[in-house]
Each structure stands twice: as C-alpha cells, then as structure tokens.
Amino acid sequence: AQKVTQAQTEISVVEKEDVTLDCVYETRDTTYYLFWYKQPPSGELVFLIRRNSFDEQNEISGRYSWNFQKSTSSFNFTITASQVVDSAVYFCALTFSGSARQLTFGSGTQLTVLP
Amino acid sequence: GAGVSQSPRYKVAKRGQDVALRCDPISGHVSLFWYQQALGQGPEFLTYFQNEAQLDKSGLPSDRFFAERPEGSVSTLKIQRTQQEDSAVYLCASSFGLERDTQYFGPGTRLTVL
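Residues numbered from 1 in each chain as written. Chains lettered and ligands numbered in written order. Predicted model: local features only at pLDDT ≥ 70, side-chain atom pairs only at ≥ 80, totals over all residues. Heavy atoms only, no water.

**A few points about the overall build of chain B**
The helix and strand tally for chain B stands at zero helices and eleven strands. Counting helices and strands in the order they occur from the N terminus, chain B gives β-β-β-β-β-β-β-β-β-β-β. For chain B, whose C-alpha radius of gyration is 13 Å, the value lies close to the compact-globule estimate of 13 Å for 114 residues. Looking at the 114 residues of chain B, the share that counts as buried comes to 48%. In chain B, which carries 12 positive and 12 negative side-chain charges, the distance between the mean positions of the two groups comes to 8 Å. (Helix = DSSP H or I, 4+ residues; strand = E, 2+ residues; numbered from the N terminus. Rg over C-alpha atoms; globule rule 2.2 N^0.38 Å. Buried < 20%, exposed > 50% of the residue type's maximum accessible area, 1.4 Å probe, protein only. Lys, Arg positive; Asp, Glu negative; His and termini not counted. Charge placed at Lys NZ, Arg CZ, Asp CG, Glu CD.)

**Notes on the interface of chain A and chain B**
Facing 21 residues of chain A, the contacting portion of chain B comprises 25 residues. Taken over both partners, the interface formed by chain A and chain B buries close to 1800 Å², and the fraction arising from carbon and sulfur atoms is 51%. Inspection of the chain A/chain B interface yields four residue pairs in polar contact (both at pLDDT 80 or more). Mapped onto the side of chain A that touches chain B, the elements with two or more residues apiece are β5 (32-39), β6 (46-52) and β10 (88-96) of chain A. Here the side of chain A that touches chain B takes four residues from β5 of chain A, the largest share from any one element. Grouping the amino acids of the side of chain A that touches chain B by side-chain chemistry returns nine nonpolar, nine polar and three charged. (Contact = heavy atoms within 4.5 Å. Buried area = accessible area lost by both parts, 1.4 Å probe. Polar contact = N/O pair within 3.5 Å; in protein donor to acceptor, adjacent residues only side chain to side chain. Nonpolar A, V, L, I, M, F, W, Y, C, P; charged D, E, K, R; others polar.)

**Concerning the state of the cysteines**
What makes a disulfide is a covalent bond joining the sulfur atoms belonging to two cysteines. In total, this model carries two disulfides over all chains according to the counting rule given. The residue that forms a disulfide with Cys23 of chain A is Cys92 of chain A, at a sulfur-sulfur distance of 2.0 Å. The sign of the -65° torsion about the S-S bond sets the Cys23 of chain A-Cys92 of chain A disulfide as left-handed. One end of the pair, Cys23 of chain A, is in the loop between β3 (19-21) and β4 (24-26); the other, Cys92 of chain A, is in strand β10, and 69 residues separate them in sequence. Take Cys23 of chain A and Cys92 of chain A: they sit in the same class, and that class is buried. In this model Cys23 of chain B forms its disulfide with Cys92 of chain B; the gap between the sulfur atoms is 1.8 Å. Disulfide Cys23 of chain B-Cys92 of chain B: the torsion about the S-S bond is -65°, which places it as left-handed. Placement of Cys23 of chain B in strand β3 (residues 19-24) and of Cys92 of chain B in strand β9 (residues 88-95) is noted, with a sequence separation of 69 residues between them. As far as burial versus exposure is concerned, Cys23 of chain B and Cys92 of chain B are alike and both buried. (Disulfide = S-S within 2.5 Å.)

**Quick look at the side chain of Ser82 of chain A**
One can find Ser82 of chain A in the loop between β9 (74-79) and β10. Those residues in contact with Ser82 of chain A that lie beyond four places of it in its chain are Val13, Val14, Glu15, Lys16, Glu17, Arg63 and Val113 of chain A.

**Some remarks on the side chain of Asp101 of chain B**
Relative to the assigned elements, Asp101 of chain B resides in the loop between β9 and β10 (104-105). By relative accessible area, Asp101 of chain B is classed as buried at 15%. Other than its neighbours up to four places away in sequence, Asp101 of chain B contacts Phe35 and Arg50 of chain A together with Ser95 and Phe96 of chain B.

**Some points on the layout of surface pockets**
Looking at the largest pocket, its volume works out to about 540 Å³. Gln39 and Val89 of chain A together with Gln37, Leu39 and Gly40 of chain B are the residues nearest the centre of the largest pocket, which is lined by 28 residues in total. If you list the elements that add at least two residues to the lining of the largest pocket, you get β10 and β12 (109-114) of chain A together with β9 and β11 (109-113) of chain B. Among the elements that make up the lining of the largest pocket, the one with the highest residue count is β10 of chain A (three residues). Across the lining of the largest pocket, the residue classes tally to eleven nonpolar, 14 polar and three charged. (1 Å grid on protein atoms, 1.4 Å probe; cavity = no way out; pocket = protein on both sides within 12 Å on 5 of 7 lines; lining within 4 Å. Points joined across faces, edges and corners; volume = space filled by probe spheres on them.)

Rendered as structure tokens:
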C-alpha cells in the first residue's frame, strides 16, 4: 500500500525566513511519481512539481527547491526567503506506475508566513 | 479550455436530498478524477475516467455516490440521499492520460449537508 506522511501539521515563519516542508512516502513500487501541490485559501490545488522515481536530481525553481532522496524515501520542499503570499496548505502526493493513476496525498502542512 | 471548472462552487443540501456536481475538464484531457477533501485533510480518491469509461470507482464511499462522463468530456458526480458525513469539498482533476501526467485541479465544490 502507498502512504504519504507530512508530519508537520502547521508551520509559522516570519517573512524572509527559509522554511522546509517534510514529506516521507511509502511504496513497494520501483516506478512512481511524486508531486507537490499548493492550496491557497481560495481552495484550488495548484501544481508545483512532479518527479519520477528514477530522477534523484534536486530541482530549483526561483525561491522553491526540492530534495528527493530515495534512500530515506523523502521528498522535501524548501522555500527560500518566504513571502506572505506563500501562506497556504502544501500537499505532497504519490502515484505509481500501473495504478489507475490516482494520487495518494499526505495530510498537508499549513504554512503561515507572517509579515 | 483555460482550466478545470466546477459548478456549483458551493452547495447546501438538506439531509436526504440528492445533489449533482459538475466538472468541465481541460480541453483535450482524456483522464478525469474525482476526489473528496474533508476539512483539514488531504484529498482522497473517489473515481477515475479514461474518456467515457469509468475504470476505477474503488474510492466511492457508498452506493449513494455515482459518477458519469457519458461523452468523455463533462463529468457529473451525483450523491443520493445526502448525509451529514458527505459534507466536504469535492475536487475534480484532469490530465492528458499517460501515467506520468500531471493532474490539474478545479476549484472544487464545497458541499454542506444540514
């Protein structure tokens, strides 16, 4: 069975601080895909990144960076120099090859960036 | 189309009423998914369509839940005889259809059952 764990329920930081959101996953499959989504107060899930299990290169996109480590089954997300607009719930999700492709989500981390 | 759209955005139903939630996927997207998101939780899978075929409905919580996509585009999620535990946000997502494809989500329908 697949499982995604986001142990941090809520995080609060002051603007311009760096913050890392943790994601740990469980799967028996060798081919799988990991995702991060952002859910602002408006409610819509916004896609941020997708990684496949064969690509362990870290990725940076502006202030966002992702650290994928298969050895520890983790896919952590770092926001550098956080801004108030980053305040949202962030979800990590997993899907695996051969499934009906539904996403298995973690319970989310509520990030609040204070001015 | 520009993005996934859902209607209505908010729905209040009395216990026992039937409701129908609509999803318009992104144009050209073959796959369509429905998820249920309870307050403070991550979305949970309900059902999946590939074109008009419903390939997986393992997540539907009871036989009161029914989904269709008759022409392979717009989809409707119907809940019969609503119960208070059905109160949640119902999210629709679509993708091109390959297993590696990203799912893009609509704004959701917030259902409140009184």
